[in-house]
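Structure assessment
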Amino acid sequence: MSKQIHLKHKTPMKVKNSNRPSSIIVNYPNQPNRNIILKPSKSQIKQIKMPNKNEQNYNKTSNLETRQKVENYIDNKKKLYKSVYKFIVFPGEGVNKKFNEKYFQKLNDVVENQGILKDCEETQQFLQIIKNICDNHHRGTNFITNIFQLLQYYKNQIKQILSNNEIYRIFENNKILLLFLLKNDFITISDEIYREIICKIEPNDMKFCYFFYPEIESFIGEKEMLNVKKEILMKYQNFENYEEKRKEGQNDSYICSLIRQDSVEEFIAFVNCSNYSLSSQISPSVFETNSFLIENKNTTLIEYAAFFGSIQIFRYLLMNGVELNHSLWIYAIHSENSELIHLLESIQISPPKCANNDEYEKCYFESIKCHHNDIAEYIENNYLCQR
């Protein structure tokens with residue numbers, strides 16, 4: 001049993017609360033067997049004021065009010081996210097145009113009722129939601145166009161409340177949105193932004209400035225950009241269809257365009273005619289704007305097909321004995337193609353494992369990152385909940 005010493009005046013090394021309300025235990029790190037109990041005097045105990053019933057009731061009321069405010073804040077964020085998500089991902093053309101207008105009206109009501117564009121932090125969070133969905137969600141019909149329309153509608157309010165640099169910081173790594181903002185005068189290139197763009201190297205080893213060559217040239221002049229122009233010409237020979245390729249924001253190689261369109265007959269004819277290896281990797285492109293493909297520069301043909309949900313070309317590569325990796329699950333999740341997910345299940349391709357050795361947890365997190373909520377729910381219900 002450790003020795004207990006009662007002291008009134010001793011400078012302790014460390015103090016912590018005891019289980020006894022009327023004492024404090026002092027621990028000396030260098031003397032682990034020495035515990036010192038400091039007891040307050042009677043006069044000190046009298047000075048300790050216990051809360052009366054009214055104060056206790058006030059504290060309870062205050063805690064309830066705080067909790068209610070937090071819950072209301074979370075509910076408001078959920079409403080904002082859902083309204084932004086529905087408008088962006090819904091294909092707003094043809095018979096769907098009326099529904100798209102309805103979703104926009106609901107979104108605008110939420111923005112107005114919550115005063116989103118009257119507060120700097122709320123505006124930044126609003127734009128961050130848009131940017132996050134754009135970063136990883138499958139680009140369906142009118143997906144990018146809907147985002148452009150949304151930003152354009154709130155352009156004046158955004159520029160009034162956020163600075164040039166603040167807007168740039170939100171979208172600095174999303175090339176297709178950054179290009180839209182520059183072309184539509186949301187932001188301008190400053191000295192600071194120029195230095196960052198000119199020095200940035202993407203994970204696929206492409207220089208970030210290649211994509212923004214015209215905007216940088218107009219900022220610093222044609223002479224200063226000669227070296228950059230030479231570098232681009234070495235890779236692409238000419239600037240043919242340069243603007244169209246930037247607008248599309250996809251890998252501009254012919255084989256990639258065939259895979260994205262799932263043009264299986266043209267694909268077969270091309271690989272046979274050119275003796276193209278079916279195990280080849282996709283060559284990086286300066287026009288690529290999908291963040292996942294930029295980060296994964298060694299993407300194979302079958303992984304690229306999985307990413308875009310090109311089921312016919314995927315089946316062709318499968319039948320011709322192309323190697324199947326665990327990573328196909330992650331690429332397939334980005335496609336938002338349920339048929340492809342079920343195909344991977346049927347041929348018994350297991351997902352990549354997480355650090356905790358769980359096969360489906362990484363897929364679950366990836367589907368959340370992509371805002372592919374139906375796939376996330378499917379994985380949760382069919383794999384995670386069973387464990």
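For the structure given in this document, a descriptive report is provided here. Values in this document were obtained by computation on a predicted structure and should not be read as measured data.

The next subject is the layout of surface pockets. Of the voids in this model, the largest pocket is the one considered here, and its volume is about 350 Å³. As for the largest pocket, its lining consists of 20 residues, and the residues nearest its centre are Arg 139, Ile 144, Glu 248, Gln 250 and Phe 308. Residue assignment for the lining of the largest pocket shows that the elements contributing at least two residues are α4 (120-136), α5 (143-153), α12 (242-248) and α15 (291-295). Per-class residue counts for the lining of the largest pocket are 7 nonpolar, 8 polar and 5 charged.

This paragraph deals with the nonpolar core. Within soluble globular proteins, side chains that are nonpolar generally end up buried alongside one another. Ranked by size, the top nonpolar core spans 55 residues in total, and within it Phe 126 and Leu 151 carry the most contacts. Phe 126 has contacts with Leu 80, Val 84, Leu 107, Val 111, Ile 116, Leu 117 and Tyr 154, leaving out every residue within four places of it along the chain. If you look at the next biggest cluster of nonpolar residues, it comprises 42 residues, including Ile 302, Leu 328, Ile 330 and Ile 375.

Let us look at helix α21 (residues 373-384). Since there are 3.6 residues in each turn of an α-helix, residues three or four apart along the chain are aligned in direction. Along α21, the residues that are buried comprise Ile 375, Ala 376, Ile 379 and Tyr 383. The arc that holds the buried residues of α21, viewed along the axis, is 100°, so those residues lie on one side.

Right, let's get into the packing of aromatic side chains. Aromatic ring pairs: the centre-centre distance and the angle between the two ring planes describe each pair. Evaluation of the coordinates by the stated rule reveals 23 aromatic pairs. Their ring planes at 90° and their centres at 4.9 Å tell us that Tyr 153 and Tyr 154 sit as a pair that is edge-to-face. According to the relative accessible area criterion, Tyr 154 is buried, its value standing at 1%. Here a set of aromatic residues connected by ring pairs shows up, and it is made of Phe 87, Phe 104, Phe 126, Tyr 153 and Tyr 154. Across the ring face of Phe 186, the terminal group of Lys 155 is positioned such that the distance to the ring centre comes to 5.7 Å.

Okay, the state of the cysteines next. As used in these notes, a disulfide is a covalent bond between sulfur atoms, one from each of two cysteines. Under the counting rule described, the total for this entry stands at 0 disulfides. Left unpaired, Cys 199 is separated from the closest cysteine sulfur, that of Cys 209, by 8.7 Å.

In this section: empty space enclosed by the protein. A probe matching the size of a water molecule, rolled over the atoms, marks out where space remains unfilled. The final tally for this structure, using the stated rule, is 2 cavities of 30 Å³ or more. By volume, the largest cavity is sized at about 100 Å³. Taken together, 13 residues make up the lining of the largest cavity; nearest its centre are Asn 251, Ile 282, Ser 283, Pro 284 and Leu 293. Class assignment for the residues of the lining of the largest cavity results in 5 nonpolar, 6 polar and 2 charged. Empty space within the second largest cavity amounts to approximately 40 Å³. If you trace the second largest cavity, you find it lined by Asp 135, Arg 139, Asn 173, Asn 174, Lys 175, Thr 289 and Ser 291. Tallied by class, the residues present in the lining of the second largest cavity amount to no nonpolar, 4 polar and 3 charged.

Scoring rules and cut-offs
- Residues numbered from 1 in each chain as written.
- Predicted model: local features only at pLDDT ≥ 70, side-chain atom pairs only at ≥ 80, totals over all residues.
- Heavy atoms only, no water.
- 1 Å grid on protein atoms, 1.4 Å probe; cavity = no way out; pocket = protein on both sides within 12 Å on 5 of 7 lines; lining within 4 Å.
- Points joined across faces, edges and corners; volume = space filled by probe spheres on them.
- Helix = DSSP H or I, 4+ residues; strand = E, 2+ residues; numbered from the N terminus.
- Nonpolar A, V, L, I, M, F, W, Y, C, P; charged D, E, K, R; others polar.
- Core = buried A, V, L, I, M, F, W, Y, C linked by side-chain atoms within 4.5 Å.
- Buried < 20%, exposed > 50% of the residue type's maximum accessible area, 1.4 Å probe, protein only.
- Contact = heavy atoms within 4.5 Å.
- Arc of directions from axis to C-beta.
- Phe/Tyr/Trp six-rings, centres within 6.5 Å; stacked < 30°, edge-to-face > 60°.
- Lys NZ or Arg CZ within 6 Å of the ring centre and 35° of its normal.
- Disulfide = S-S within 2.5 Å.

Treat this as a map of the structure, not an account of what it does.
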